[in-house]
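# Structural overview
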Amino acid sequence: LFLTSMSKKGAVEEERLGAWALGKFSTRLKVGIVGLPNVGKSTLYNTLTKCSIPAENFPFCTIDPNETRVHVPDDRFDWLVDKFKPKSEVQPWLEIVDIAGLVKGASQGAGLGNAFLSHIRSVDGIMHVMRAFDDSDIIHVEDRVDPVGDIDIITSELRIKDLEAVEGKLAALNRDRTRSCSTPAGRKEWESEVGTCEKIIAWLNDGKEVRRGIGQGDSDYWTTKDVLYINEYSLLTAKPVCFLVNLSEEDYKRKKNRFLKPIHDWVQSHGGGTIIPYSGAFESKLQEMGSPEEAEAYCKENEMTSVLPKIIKTAFTMVHLIYFFTAGPDEVRAWVIRKGYKAPQAAGVIHTDFERGFICAEVMAFNDLKELGTEVEVRAKGKYRQEGKLYQVHDGDVIFFKFNVTAKGK
């Protein structure tokens, strides 16, 4: 599966599409915290909520009680702020959703059932929380501590729901066959979509998640056309995932737990993914301390550090978000975009006029600016570039857009 583009010299270049091609191409993406009841989801969400951005920073925008927006920590942003000392600074952020606990049989309506699954459908990435600690005061819904069994339950329920959705779509296509195939173009489109549905059904029946069909190994199961349909269907198992293993504070401190290897083996056998061990009890304890200095002293004394920044950054990149910077004495700002955005789309995130009247993007890589110190030096070394409409913006680009507001969009 390849994305075709033109190089500066006019040669055709092909970039293999990865998992980032799945999902919505939007800058407003959400990540959901998912797991069985009593595995530590709410504890994690509450600690993240204490890192949240005050609601007044988002006027005219209602945030649901189970959603929070958190800053994405970035040393590059901090460096730009320190260099320019701007009047205003706007950090990148991510929206995180606390999703109620799933139980076995949710796809058939058990527990919150379909309501739970619809909540997952509304997010763009999933953080699977698994319990890997014993506590007689916290009852596990399955009456045992088995994180691999937990993740098996969740992924099975999501696969079942996807299978139900795609079989329903295929049935609808077959009912509509006569009308859809009334023209040669319509027949071609109908056959293409039916073929994709049959491929998805076979893939899911084989016990595999949709996301595993692209960006792994030397070839892709999904074609470019398949990806278009998959994105339209908003399948649950197409969403990117990471795995958060909730340990006791003692296990987190000693960096050992009997479940870590089985979890690693399961994840590797299911397409891979990022695994982050953390301790909800430890993170909560840090935030309940009287001051940052007290928390820092506790971490130093016990040789532990918070992984909340790592969790936030992992979730952000997991849903294929990146950001570019605009920087100067008035404002340093990180503009969040979807990986794959071309320069005019990125300009449109600032203002629609920037995209409509796009002329060019003047770009320098953050690392070049940091290494050389000033824009003047970046220009002198020939590393300050003018890019056109086909330029794909990279994470960390520092960009100045030129545009003409009277230009008509094409």
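Computed from a predicted structure; not experimentally measured. (Residues numbered from 1 in each chain as written. Predicted model: local features only at pLDDT ≥ 70, side-chain atom pairs only at ≥ 80, totals over all residues. Heavy atoms only, no water.)

### Some remarks on the sheet that holds strand 6 (residues 93–98)
- Read from one edge of the open sheet, 6 strands run 4-6-3-7-8-9, paired in mixed fashion. Each having just a single partner strand, strand 4 (67–71) and strand 9 (274–278) make up the two edges of the open sheet. Neighbour-to-neighbour, the strand axes of this sheet turn through a mean angle of 25°, independent of strand direction.
- As paired strands, strand 8 (residues 241–246) and strand 9 are joined by 5 bridges and run parallel to one another. (Pairing = 2+ DSSP bridges. Helix = DSSP H or I, 4+ residues; strand = E, 2+ residues; numbered from the N terminus. Axes fitted to C-alpha atoms, helices over the stretch in contact; angles between N-to-C directions.)

### Quick notes on a negative patch on the surface
- A surface patch of negative charge is lined by Asp75, Asp78, Asp82 and Glu89.
- Mapped onto the fold, Asp75 is located in helix 2 (residues 75–84).
- Take Asp75: its relative accessible area is 68%, and that puts it in the exposed class. (Patch = residues over 30% accessible without salt bridge, like charges linked within 9 Å, V, L, I, M, F, W, Y side chains within 5 Å. Areas by Shrake-Rupley, 256 points an atom, 1.4 Å probe, with all protein chains shown as cover. Salt bridge = Lys/Arg side-chain N within 4 Å of Asp/Glu carboxyl O. Lys, Arg positive; Asp, Glu negative; His and termini not counted. Charge placed at Lys NZ, Arg CZ, Asp CG, Glu CD. Buried < 20%, exposed > 50% of the residue type's maximum accessible area, 1.4 Å probe, protein only.)

### Regarding the pattern of salt bridges
- Evaluated as defined, the whole model comprises 24 salt bridges.
- Of the charged contacts in the structure, one is a salt bridge between Lys208 and Asp206, with a shortest N-O distance of 3.3 Å.
- One salt bridge connects Asp265 with Lys261, and the closest N-O pair in it is separated by 2.8 Å. You can see Asp265 and its partner Lys261 sitting in helix 9 (residues 260–269), 4 residues apart, about one turn around the helix.
- Its relative accessible area of 37% is what places Asp265 among the partly exposed residues.
- A cluster of three or more residues bridged by salt bridges with shared partners is formed by Glu362, Glu375, Arg379 and Lys402.

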